[in-house]
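Each chain, letter by letter, is given below.
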There are 2 protein chains.
Amino acid sequence: MKNIAPEILEQNVVAIFNAMGATPEHSALVAGLLVKSELSGYGSHGVGRVRQYVNGIKSGILDPVAVPEVVMDRPSVARVDGKRAFGQVVARKAMETAIAKARESGLAMVGAFNSNHVGRLTDYVKLAAENDLVALMMCNGGGPNVAAHGARSKVLGTNPIAFAVPSREGRTMVMDFATSAVTEGNLRVFSNRGVRLDEKVVMDQDGHFTDDPNAFFAGGATVPIGRHKGSALSGIVEIMAGIFTGARCSSFDGYVDGNGIMIKVMQPDLFRPRSEFDDDIELFYQKVTGADRMNGVDRIYFPGEPELENVATYRQEGVQLDDATWEALTGIARECQVDFG
Amino acid sequence: MKNIAPEILEQNVVAIFNAMGATPEHSALVAGLLVKSELSGYGSHGVGRVRQYVNGIKSGILDPVAVPEVVMDRPSVARVDGKRAFGQVVARKAMETAIAKARESGLAMVGAFNSNHVGRLTDYVKLAAENDLVALMMCNGGGPNVAAHGARSKVLGTNPIAFAVPSREGRTMVMDFATSAVTEGNLRVFSNRGVRLDEKVVMDQDGHFTDDPNAFFAGGATVPIGRHKGSALSGIVEIMAGIFTGARCSSFDGYVDGNGIMIKVMQPDLFRPRSEFDDDIELFYQKVTGADRMNGVDRIYFPGEPELENVATYRQEGVQLDDATWEALTGIARECQVDFG
């Protein structure tokens, strides 16, 4: 394991992206979010992604200076052409567009296509909540990794869904989860760390469940959460984020790797007075976190809270990178002729 | 088991609701949808619900002649006060309102409160697809049945999500699933039929998983699909269908049993030309249903297809009711002094 201060790690990643020709502003945004994922305890969306982005720049599917453009604009609806920019730049633009529209009209639906990998959705929906708005976001793509219910070949992406709501108490209330039982990023982390799987979440290429995370990378597949239910949910994400927006699906011929993005943003007082909304959000928080606990559970966290605790810890103690991730990163630095700080 | 022709069963249920003072139009709608659930193979949302609705009328939480009212009306947004009518009447009104708005403005978001149990969401989202629109629907309430992740006491409802999309090929493409691993309705069916559970989906009142469906009715709880992921998803449904709309949550003091309703309806060509949308929907269907199958799987169904096959079968062979359901129904008929046909 390599322990590194988050500021140093971020500077190093910025230097790599700058060396690859990215706009300094884009390098800063992307490096900042990758390191934030590490701090949050999500190595799956952390600096291990630098290899993917550098490869994307080299192969031409990621344009590190491109600026996304709003190509359809109506009072409550917009469509963003990501221009194959960094996914973080595209998702940020889509969310900012949705926030501006929701502020005006109460409700906004914004879709984006031609985007690369956006990272954790948390970072975008949280932006809406910080602007006192409710946000729902779904992304397809980045696969196919996941077999639909009954299948052994991969058709679906990891297809995450995220949601954030403002709270009078200033609480972080952010849901952000994959609709697959396990993500490719997590399987990579398990593989690097030699962890075996304790649930039926990976099939080998013959369609048999296995506890070996490496089976996924050898032609295997993951499965959706909740069997046919999660398979349907993942299908909704493919259709809304992929087909509806025009980003298309990772199982389609000619698909270019990345994420389709669908965002919905709403004013919290669209349907009822703000004080009633706020009261009930607080009540719901209390009901969930104050429920009777299962044996062995010390505290019931609301979604988003464990990550906050991780940030506080790792900011102080430094980011822990496994050897494979660290070696890959230093290798990229050498390729780019960047000196690591 | 009792085998009964669907037409006769529907007439009998209509007679019960009429005897309870319902508007004939409401009796016909509700009885029709309950029998359709039986035909679809969803006994959990079938005529076993008559007891619940009759009790609702008796206790005053269900007004069998009430007509829902649109109480807030903007170009893309409406709020419906269900007036404690039959949930089916409220959900139908909300969906019809959303369909009319989406036709005008491309996008509609409609919420409803003061609704009783709406039954299967399939029936409403399908209406949008038949009107050449895309629909997403979520309902909270009807509980609490489900323990949030880490808890053993119940805070969440079954909280279903449904989605329908029109298809050029005239395919039924309807997703409709609970966000809980098992529904109260299904547990009732398992209990009536003496079925044991083969997955960890029910905890007894002490928070231990059990294979006995009756443990749920003795103070136990069900769990969300996909552990913390489904728990977050169910939380989204509580907030959007319950708190946002003002229907509130089943864990709150003073909550009146029923469903909070949140509907989003969109024109399929809002973001891209209709022919491209239709092509990709067909392609997605082919990719999912044409994937390599797991051992023992003869055919990969798209969501909504197995139910269609059930309807064809049961319409011909008659509806199969378990003894407990049939005895409950004849008992209600006697109470209402209705002669069963």
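As the structure is a computational prediction, the values presented were derived from the model and not from experiment.

Criteria and thresholds
Residues numbered from 1 in each chain as written. Chains lettered and ligands numbered in written order. Predicted model: local features only at pLDDT ≥ 70, side-chain atom pairs only at ≥ 80, totals over all residues. Heavy atoms only, no water. Pairing = 2+ DSSP bridges. Helix = DSSP H or I, 4+ residues; strand = E, 2+ residues; numbered from the N terminus. Axes fitted to C-alpha atoms, helices over the stretch in contact; angles between N-to-C directions. Contact = heavy atoms within 4.5 Å. Least-squares fit on C-alpha atoms with pLDDT ≥ 70 in both. Buried < 20%, exposed > 50% of the residue type's maximum accessible area, 1.4 Å probe, protein only. Disulfide = S-S within 2.5 Å. Buried area = accessible area lost by both parts, 1.4 Å probe. Salt bridge = Lys/Arg side-chain N within 4 Å of Asp/Glu carboxyl O. Core = buried A, V, L, I, M, F, W, Y, C linked by side-chain atoms within 4.5 Å. Domains from an automatic or database assignment. Polar contact = N/O pair within 3.5 Å; in protein donor to acceptor, adjacent residues only side chain to side chain. Nonpolar A, V, L, I, M, F, W, Y, C, P; charged D, E, K, R; others polar. Parallel < 35°, antiparallel > 145°, perpendicular 65-115°, else oblique. Phe/Tyr/Trp six-rings, centres within 6.5 Å; stacked < 30°, edge-to-face > 60°. Lys NZ or Arg CZ within 6 Å of the ring centre and 35° of its normal. pLDDT = per-residue confidence, 0-100.

Colleague: Break down the sheet that holds strand E5 (residues 134-141) of chain A for me, with residues and values.
Modeller: Residues and elements named next belong to chain A. Strand order in the open sheet made by the seven strands is E2-E3-E4-E12-E5-E8-E9, with mixed pairing throughout. For this open sheet the edge positions go to strand E2 (69-74) and strand E9 (174-177), each flanked by a neighbour on one side alone. Along the sheet, successive strands turn relative to each other by an average axial angle of 10°, direction set aside. Of the strands in this sheet, strand E4 (107-113), E5, strand E8 (161-164) and strand E12 (259-266) are in contact with helix H8 (residues 228-244), which crosses E5 at around 90°.

Colleague: Requested: an account of unusual backbone geometry, with residues and values cited.
Modeller: With an omega of 0°, the peptide bond running from A:Gly143 to A:Pro144 counts as cis. Look at A:Arg248: it is not a glycine, yet its phi comes out positive at around 70°. Position of A:Arg248 relative to the elements: it lies in the loop between H8 and E12. A positive phi angle, close to 65°, is found at B:Asp132, a residue other than glycine.

Colleague: Quick one: what's the story with the relation of the copies chain B and chain A, residue by residue and with numbers?
Modeller: Least-squares fitting of chain B to chain A yields an RMSD of 0.0 Å, with the transformation described by 0.0 Å of translation along the axis and a rotation of 180°. In the structure described here, the two chain copies are related by an operation that fits a two-fold rotation axis. The position closest to the rotation axis in chain B is occupied by the C-alpha of B:Gly226, lying 2.7 Å away. Comparing interface residues between copies, 100% of those in chain B also lie at the interface in chain A; the contact surface is shared.

Colleague: Got a sec to walk through helix H6 (residues 184-193) of chain A? Specific residues and values, please.
Modeller: All names here are of chain A. The set of residues buried in H6 consists of Gly185, Leu187 and Val189. Structurally, H6 contributes buried residues whose contacts are with strand E10 (202-203), helix H7 (214-217) and strand E11 (221-222). Looking one or two residues beyond H6, the residue adopting positive phi is Gly194, at roughly 70°.

Colleague: Outline the state of the cysteines, supporting the account with residue identities and numerical values.
Modeller: Evaluated as defined, the whole model comprises zero disulfides over all chains. Residue A:Cys249 stays outside any disulfide, its sulfur separated by 13 Å from that of A:Cys139, the closest cysteine.

Colleague: Can you explain the interface of chain B and chain A? Please cite residues and give values.
Modeller: For an interface, size is often stated in terms of accessible area lost upon the parts coming together. Each partner contributes residues to the interface: chain B has 80 residues there, and chain A has 80 residues. With both sides pooled, the region where chain B packs onto chain A buries about 6600 Å², and carbon together with sulfur makes up 73% of that total. In this structure, the connection of chain B to chain A is made through two salt bridges. Among the ionic pairs, B:Asp280 bridges to A:Arg248, the shortest N-O distance being 2.9 Å. With 11 residues, helix H8 (residues 228-244) of chain B is the largest single contributor of residues to the side of chain B that touches chain A.

Colleague: Can you lay out the nonpolar core for me, pointing to particular residues and giving the numbers?
Modeller: Inside soluble globular proteins, nonpolar side chains tend to come together where they are buried. The biggest cluster of nonpolar side chains holds 90 residues, and the ones touching the most others in it are A:Met240, A:Phe244, A:Phe284, B:Met240, B:Phe244 and B:Phe284. Residues within four places of B:Phe244 in sequence aside, it is in contact with A:Val134, A:Met266, A:Gln267, A:Pro268, A:Leu270, A:Phe271, A:Arg272, A:Phe277, B:Met109, B:Ile239 and B:Met262. Of all hydrophobic cores here, the second largest spans 62 residues; its members include B:Phe17, B:Ala22, B:Ala78 and B:Leu121.

Colleague: Lay out the domain arrangement of chain A with the relevant residues and their values.
Modeller: Residue and element names in this part refer to chain A. Here the domain parsing of chain A yields domain 1 (1-63 + 319-341) and domain 2 (66-181 + 223-289). Looking only at domain 1, the three residues that lose the most surface to domain 2 are His26, Ile61 and Asp63, adding up to 31% of its buried area. One can count one salt bridge joining domain 1 with domain 2. A salt bridge links Lys36 to Asp123; the nearest nitrogen and oxygen atoms lie 3.5 Å apart. Put simply, domain 1 and domain 2 have nine residue pairs in polar contact (both at pLDDT 80 or more) between them. Secondary-structure elements contributing two or more residues to the side of domain 1 that touches domain 2 are helix H2 (24-39) and helix H3 (50-59). Looking at which element gives the most residues to the side of domain 1 that touches domain 2, the answer is H2, with seven residues. Class assignment for the residues of the side of domain 1 that touches domain 2 results in 11 nonpolar, five polar and three charged.

Colleague: Go over the packing of helix H3 (residues 50-59) of chain B against helix H11 (residues 323-335) of chain B with me, naming the residues and quoting the values.
Modeller: All names here are of chain B. H11 packs onto H3 with a crossing angle of 30° between their chain directions and a minimal axis gap of 10 Å. By the angle between their axes, H3 is roughly parallel relative to H11. Contact with H3, carried on its side by Val50, Arg51, Val54 and Lys58, involves Leu329, Ile332 and Glu335 of H11 and no other residues of that element. Looking at the contact of H3 with H11 residue by residue, the class counts come to four nonpolar, no polar and three charged.

Colleague: Give a detailed account of the packing of aromatic side chains, specifying residues and quantitative values.
Modeller: This structure, assessed with the given rule, holds 18 aromatic pairs over all chains. On the basis of an interplanar angle of 55° and a centroid distance of 5.4 Å, the ring pair of A:Phe244 and B:Phe271 is categorised as tilted. With one member in each of two chains, A:Phe244 in helix H8 and B:Phe271 in the loop between strand E12 (259-266) and helix H9 (274-289) form a pair that bridges those chains. For the pair A:Phe244 and B:Phe271, a shared accessibility class is recorded, and that class is buried. Between A:Phe284 and A:Phe302, the aromatic rings sit 6.1 Å apart at their centres with planes inclined by 85°, giving edge-to-face as the arrangement. Highlighted residues: A:Phe284 in helix H9 (residues 274-289) and A:Phe302 in the loop between H9 and helix H10 (305-317), separated in sequence by 18 residues. Exposure class is identical for A:Phe284 and A:Phe302. Each is buried. The ring of B:Phe216 carries the charged tip of B:Lys154 above its face, separated from the ring centre by 5.2 Å. Its guanidinium or amino end placed over the ring of B:Tyr285, B:Arg171 lies 3.9 Å from that ring's centre, counting from NZ or CZ.

Colleague: Which residues make up the confidence of the model for chain A, and what values do they have?
Modeller: For chain A, the average pLDDT comes to 95, and 100% of its residues sit at 70 or higher. Our summary of model confidence lists the complex with pTM equal to 0.97 and ipTM equal to 0.97.

Colleague: Could you give me a rundown of the sheet that holds strand E2 (residues 69-74) of chain B, with the residues and numbers involved?
Modeller: One open sheet accounts for seven strands, arranged E2-E3-E4-E12-E5-E8-E9 (chain B); its pairing is mixed. The sheet is open, and its two edges are formed by E2 and strand E9 (174-177) of chain B, each paired on a single side. Neighbour-to-neighbour, the strand axes of this sheet turn through a mean angle of 10°, independent of strand direction. As judged from the four bridges shared by strand E5 (residues 134-141) of chain B and strand E8 (residues 161-164) of chain B, these two strands associate in the antiparallel manner. Paired with B:Met137 across the strands is B:Ala162, a residue of E8(B). On top of the sheet, H8(A) reaches E5, E8, E9 and E12 of chain B; it is set at about 135° to E9(B), its chief contact.

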